[in-house]
Structure formats: C-alpha cells, structure tokens
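The primary structure of each chain is shown beneath.
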Amino acid sequence: MSDQRQWPRERRELPAELTAAAAANPGGAVAEIDATMVSDPNGYVPAEAIVGVFLVGPDGKATGDYERNPDHGPVRDDLRRLEPPDHWLGWLPDEPGPAVRTSIEGILDQQVAGSVVDWLKIIDEPVFLTSARRLPDDPDRVIATRAALAVSFALGARPPGGDSVILTGVFSWVAAGLDGERADQLWFDLGMSREEAETALKERIYAVGRPS
C-alpha cells in the first residue's frame, strides 16, 4: 500500500456518524471504510477497503483535511512474510506462499464445497519450528526430522452463491518423518492468536506421526 504521506489531500467535512471516533483519536485520523467491501468495520479491514482518512486535530475535531487512499479497490493477496523467510521451508511441496494458499483453499472447500478464496493476507510474522538429529557416522551433520509452520491470516472467502466473508485465524502445518516415512497434518483455527498458535505448535510438532 502507498505511503500515506503521498495520499492525495482534499477538503471534506467529517460525516456526523464519525464525530465520536474523531473525538476518541485526537491528533490522529479516522478512516472511511468501503461498506461494500467490509460488513464489520470493527473486525479486520484490508488496506484496500479504506477509501481515505479524515485528519483529526489535537482537540479531537476534524481539521477538514481528507487524504484519499490511491490503493482503494479490489483486495489483493499479501504473502510477502513467506517470500524471504529466514527459516528453512524446503519441506513444503511448493513455494511457501502458493503452498499455504492452496492448502487453505482445500480446507475451505472441504468445509463448504465450491468455496473460493478471493484474497489471502499473512498479517503477522510466521512461527517456524524444526527438529533434527545428528548423523551417527558424521556427528557434524544433522538431518531434519520434523518441521512446522503457523501463519496468522485474514482472508476473503466466498461460498457458492453467497457473499464474501472475512475470516481471521491461524493456519498451521506440521510435517513429521522427514527422514523416513513422512506424515503431514494441517490445522485451520479461526480466531486463534499468534501467541496461542506458537504454544500449540510446540505440542503439535511432536504429536504428528506418533502412535495415538
């Protein structure tokens, strides 16, 4: 999204329904949200759904200045947090972004057949875990045995014949047996926080591939 300092500025009066929001944000700004794109302005709002912002003075009143968002429009994928990872993700079957997106699409299709993911955004830093063992004939080398990934997401999902809804949560993927008989398991936890996902992943990484 463009740097807000470069947004075109114009003069506009603050709508009466946003007066209270302005009073609660002295010295800040109040966003105008495209209601055709977001049904709940108190939930997750993709940057592209912001039409613009009304600037607010230190007294909590609108200054009359309005900055229009040049990126207002169709919501786009944002998987950049998975593009240059500092952690090894060679255990995934594809490039990280496409692998995660395809898996989430599959999960939603299983839940409601024919569902479409209109857009997907990774909204926090991913959680990475890896377990390895040393090679007995070369103790200076290790081989990965287990790997796990958890990503906080927001997405627009559209069921067949229905309107798009925004979902948030955490998608987790654990692969065990990377040095032998591989086993994978996926989780799709709506409403889960990154902190909760990190705690759960530390348990899940060792639960997959073991006898129940």
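For the structure itself, consult the block above.
Everything quoted here is computed from the prediction, not taken from an experiment. (Residues numbered from 1 in each chain as written. Predicted model: local features only at pLDDT ≥ 70, side-chain atom pairs only at ≥ 80, totals over all residues. Heavy atoms only, no water.)

**Some details on the overall build of the protein chain**
Where we set the bar: A run of H or I in DSSP counts as a helix once it spans at least four residues, and a run of E counts as a strand once it spans at least two, with each numbered from the N terminus. The globule rule used for comparison is 2.2 Å times the number of residues to the exponent 0.38, while the radius of gyration itself is calculated over C-alpha atoms. Note on classification: 1.4 Å probe, protein chains only; a residue is buried when its accessible area is under 20% of the maximum for its type, exposed when over 50%, partly exposed between these limits.
In terms of regular secondary structure, the protein chain is built from three helices and nine strands. For 212 residues, the compact-globule estimate of 2.2 N^0.38 gives 17 Å, and the protein chain exceeds it by more than 25% at 22 Å. For the protein chain, the spread of C-alpha atoms along the principal axes amounts to about 75 × 45 × 25 Å. For the protein chain, buried positions account for 40% of its 212 residues.

**With respect to the pairing of strand β3 (residues 50–56)**
Using the following cut-off: Here a strand pair is declared whenever DSSP counts at least two bridges between the two strands.
Of all seven residues making up β3, seven are buried, and the element is well covered by its neighbours. Relative to β3, strand β2 (residues 29–33) runs antiparallel, the two sharing five bridges. Note on β3: the bridge partner recorded for E32 is G52. In sequence, β3 turns back onto strand β4 (residues 62–68) through a hairpin of five residues, with G60 there showing a positive phi of about 80°.

**Quick word on the pattern of salt bridges**
Pairs can form between side chains of opposite charge once their charged atoms are near each other. Here is the rule we go by: One speaks of a salt bridge when a side-chain nitrogen belonging to Lys or Arg is within 4 Å of a carboxyl oxygen belonging to Asp or Glu.
Scanning all chains against the criterion turns up 16 salt bridges. Of the charged contacts in the structure, one is a salt bridge between R11 and D65, with a shortest N-O distance of 2.9 Å. Of this pair, R11 sits in strand β1 (residues 9–11) while D65 sits in strand β4, placing them 54 residues apart in sequence. Of the residues examined, D65 reaches a relative accessible area of 18% and is grouped as buried. Three or more residues joined by partner-sharing salt bridges are found here, namely R9, R11, D65 and E67.

**Remarks on the nonpolar core**
Our working rule: The definition of a nonpolar core used throughout is a set of buried Ala, Val, Leu, Ile, Met, Phe, Trp, Tyr and Cys residues joined through side-chain atoms within 4.5 Å.
With 23 residues, the main nonpolar core has W91, I104, L155 and F171 as its most contacted residues. Of all elements in the fold, only α2 (96–111), β5 (116–122), β7 (138–158) and β8 (165–176) reach the threshold of two or more residues within this core. At six residues, β7 tops the list of elements feeding residues into this core. Among the nonpolar cores identified, the runner-up in size contains 12 residues, and V127, A148, W187 and M192 belong to it.

**Things to note about the sheet that holds β2**
Short version of the rule: Inter-axis angles, ranging from 0 to 180 degrees, are taken between N-to-C directions of lines fitted to C-alpha atoms, where helices are fitted over the stretch in contact.
Taken in spatial order, the four strands make up an open sheet running β1-β4-β3-β2, and their pairing is antiparallel. The sheet is open, and its two edges are formed by β1 and β2, each paired on a single side. Along the sheet, successive strands turn relative to each other by an average axial angle of 30°, direction set aside. With four bridges connecting them, β3 and β4 associate as antiparallel partners. Residue pairing in the sheet places F54 in a bridge with Y66 of β4.

**Points about the packing of aromatic side chains**
Rules: By convention, a stacked pair of Phe, Tyr or Trp rings (six-membered ring in the case of Trp) has centres within 6.5 Å and planes under 30 degrees apart, an edge-to-face pair has planes over 60 apart, and any other such pair is tilted. A ring is considered to have a charge above it if a Lys NZ or an Arg CZ atom is located within 6 Å of its centre and within 35 degrees of its normal.
Inspection of the entire model under this criterion finds five aromatic pairs. Measuring from centroid to centroid gives 6.2 Å for F171 and W173, while their planes differ by 80°, and the two rings are edge-to-face. What makes F171 buried here is its relative accessible area of 0%. Residue classification places W173 among the buried positions, given a relative accessible area of 6%. Here the aromatic residues W91, F171 and W173 are joined through ring pairs into a cluster of three or more. The cationic tip of R12 hangs over the ring face of Y66; the distance from NZ or CZ to the ring centre is 4.2 Å.

**Observations regarding the side chain of E67**
The following threshold applies: Polar contacts here mean pairs of N or O atoms no more than 3.5 Å apart (in protein, one a potential hydrogen donor and the other a potential acceptor; neighbouring residues in sequence count only if both atoms are side-chain atoms).
One can find E67 in strand β4. Note on E67: relative accessible area 7%, which makes it buried. A distance of 2.6 Å separates the side chain of E67 from the side chain of R9, its partner in a polar contact.

**Regarding α2**
Defined as follows: To estimate how far a helix should reach, multiply one less than its number of residues by 1.5 Å. By definition, residues are in contact when any of their heavy atoms lie within 4.5 Å.
Helix length check: α2, at 16 residues, gives a terminal C-alpha distance of 23 Å against a target of 22 Å (1.5 Å per residue), a fit within 8%. Residues P96, G97, A99, V100, R101, S103, I104, I107 and L108 constitute the buried set of α2. Elements that come into contact with the buried residues of α2 comprise β5, β7, β8 and β9 (183–190).

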